[in-house]
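# Tertiary structure, described
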Amino acid sequence: MPLQFPHLFTGGRKPWRRVLLYGPPGTGKTRLAQAVASEVNSTFYSVSSADLISSWVGESEKLIRELFHDARKREGRSVIFIDEIDSVCRKRSTREEEHTRRVKTELLNQMEGTDSLSLSGQYFLLCATNCPWELDSAFIRRFQKRIYIPLPEQDARISLIKMHLGTTPACLTERDWCVLGEKTRGFSGSDLANCTSDAVFEPVRELQRSTHWKQQAGKSAPPCSEGEPGCVTCLLKDLPPQKVTPRPVVLEDFIRSLSHNGSTITDEDLDKFTVFTKSYGQKG
C-alpha cells in the first residue's frame, strides 16, 4: 500500500519497516518473505545466522554493517530477510562472550537506522523465527509488528495437498478430501509436503510388489489376482516399460502414508506460541 497509495502514509501515519514473523516450523514464513519482495518488485536479501556470524573477532559486526549498507545504496527499495533470527538475538546474560554482545549491539544499531529520515523508505527489515520466546526483549521491542503464522486450517491443508500432488493422477471425491483434511489436523505445510510425497509413491510400490498382471492387447498391464482371465506371472522388471502405468492415487494411499508420517508440531509447542502471542504478538 505505501507504494500504491503513498498519499495515505504522510505525517504521523508511517508504514511498518521492521516486522517479525513467528510460528511453528514449516508454516511458510520464508515463502511469505519471498512473496513480499516479489510483490513490491524490490531487491531481496535473504540471510541466516550462519551468514552473519564469523569465528573471527570483529568480522560479524562488519558483515552486518555491509549488509545494511548495501541495502541502503541500492536504487529503489530493498527487503532484508533474516531467517532464524533467534540464533543471533538470544536473550543477553552476564555470562555471554564479549564478541557475542557486540554482534547484538551492532544489529540493534542497524535496526534503529530504519527510523532515520535520510534512510526512510530505502529498505524493509523482515525477520522470522520458530522460537520467539528466546529473543532478547530489546529486539522484540524494535519490531513494530509481530505476526503469528499459524498452522494451516483445513481448507488450506487441502489446497496444499492438491498443490503438492501437481499433475499426478488422483481419484478422490469431495468427501475423501474432507476426510483427508480432518485427518491432517495439526500438520504444518512441511508435514503435508512429506505426507503427500510419500502417498504418491504407494501406486509405484504396489507395482513393485505385484507378481501377477492382466494382459490386455494394446493397453497397459495392471496388477491382478492369480487366476483371473488373461493373468500372467512375472516380475515388474520383466514387463516392457510402456506396459507399466501406475494407478491413480486414492484416499487409502494417504491413510497408509499418515500411519508413519505424523505431525512434527506438539501441543506443548503450540501452547508456547499462544502464551507469546498474548504477551507480545500482533502488536505495533
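Residues numbered from 1 in each chain as written. Predicted model: local features only at pLDDT ≥ 70, side-chain atom pairs only at ≥ 80, totals over all residues. Heavy atoms only, no water.

The chain appears in an unreviewed UniProt entry as AAA+ ATPase domain-containing protein from Nematostella vectensis. Per its UniProt entry, the chain bears the Sequence similarities (unreviewed entry) comment "Belongs to the AAA ATPase family." (UniProt positions renumbered as here; feature names shortened; annotations may be inferred.)

## Brief notes about the packing of helix 3 (residues 59-73) against helix 4 (residues 98-112)
When two helices pack together, their arrangement is given by the angle between the helix axes and by the axis-to-axis distance. Look at helix 3 against helix 4: their axes get within 9 Å of each other, and the N-to-C directions meet at 15°. In terms of their interaxial angle, helix 3 and helix 4 are classed as roughly parallel. Considering only the axes of helix 3 and helix 4, their crossing is right-handed. For the pair helix 3 and helix 4, the contacting residues are Ser-60, Glu-61, Ile-64, Arg-65, Phe-68 and Arg-72 in the first and Arg-102, Val-103, Glu-106, Leu-107 and Gln-110 in the second. Of the residues in the contact of helix 3 with helix 4, the class split is four nonpolar, two polar and five charged. (Axes fitted to C-alpha atoms, helices over the stretch in contact; angles between N-to-C directions. Helix = DSSP H or I, 4+ residues; strand = E, 2+ residues; numbered from the N terminus. Parallel < 35°, antiparallel > 145°, perpendicular 65-115°, else oblique. Left-handed = near helix turned anticlockwise from the far one by under 90°. Contact = heavy atoms within 4.5 Å. Nonpolar A, V, L, I, M, F, W, Y, C, P; charged D, E, K, R; others polar.)

## Remarks on the sheet that holds strand 3 (residues 78-83)
Through backbone hydrogen bonds, the strands of a sheet pair up, either in parallel or in antiparallel fashion. Read across the open sheet, the five strands follow the order 2-3-4-1-5; overall the sheet is parallel. Two strands close off the open sheet at either side, each with one partner strand: strand 2 (43-48) and strand 5 (145-148). For this sheet the average axis-to-axis angle between neighbouring strands, irrespective of direction, equals 20°. Of the strand pairs in this sheet, strand 1 (residues 18-22) and strand 5 are connected by four bridges, and their pairing is parallel. Each bridged residue has a counterpart across the sheet, and for Tyr-22 the counterpart in strand 5 is Tyr-148. (Pairing = 2+ DSSP bridges.)

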